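Observations on the three-dimensional arrangement
Spelled out, the chains give:
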Amino acid sequence: MSSLNWPLYEVFVRSKQGLDHKHVGSVRAADGEMALDAARDLYTRRNEGCSIWVVESDKITATQPSDAGPFFDPSEDKVYRHASHYTIPADIKHM
């Protein structure tokens, strides 16, 4: 199999100071282990990461721009999810 036919993997790296993984780019690789090695070499050369995730691009399910209205609009009627609608009791100290 030619490297042009290898699956595309999306790469997510967690920085040493961060708590979440951020998308940093993509690599083509024959399998997941090769994708991890390539991602390490490309995206953590300066010792900035402490964790790497690779996911085959075709395994990701995501919303489409055309779905934005129908998919996200239902949350507008759930104002109770926003912290701005709660009051802090007087006996709780602010930090």
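That block above? That's the structure.
Residues numbered from 1 in each chain as written. Predicted model: local features only at pLDDT ≥ 70, side-chain atom pairs only at ≥ 80, totals over all residues. Heavy atoms only, no water.

1. Quick look at the side chain of threonine 44
The criterion, for reference: By the criteria applied, helices consist of DSSP H or I runs no shorter than four residues and strands consist of E runs no shorter than two, each listed in order from the N terminus. Residues adjacent in sequence count toward polar contacts only when both atoms are side-chain atoms; beyond that, a polar contact is any pair of N or O atoms within 3.5 Å, and within protein one must be able to donate a hydrogen and the other to accept it.
Mapped onto the elements of the fold, threonine 44 is located in the loop between α1 (32-43) and β3 (49-56). Of the polar contacts made by the side chain of threonine 44, one reaches the backbone oxygen of arginine 40; its length is 2.7 Å.

2. Side note on the sheet that holds strand β2 (residues 21-28)
Formally: Pairing between two strands requires that DSSP report at least two bridges joining them. In this description, a line fitted to the C-alpha atoms serves as the axis of each element, helices being fitted only across the stretch in contact, and the angle between N-to-C directions of two axes falls anywhere from 0 to 180 degrees. Throughout, a residue-residue contact means that at least one pair of heavy atoms, one from each residue, lies within 4.5 Å.
Here we have three strands laid out as an open sheet, ordered β2-β1-β3, and antiparallel in their pairing. Strands with a single pairing partner mark the edges of an open sheet, and in this sheet they are β2 and β3. Each neighbouring strand pair of the sheet contributes to a mean axis angle of 25 degrees, computed without reference to strand direction. Here α1 sits on the sheet in contact with β1 (8-15), β2 and β3, set at roughly 115 degrees to β2.

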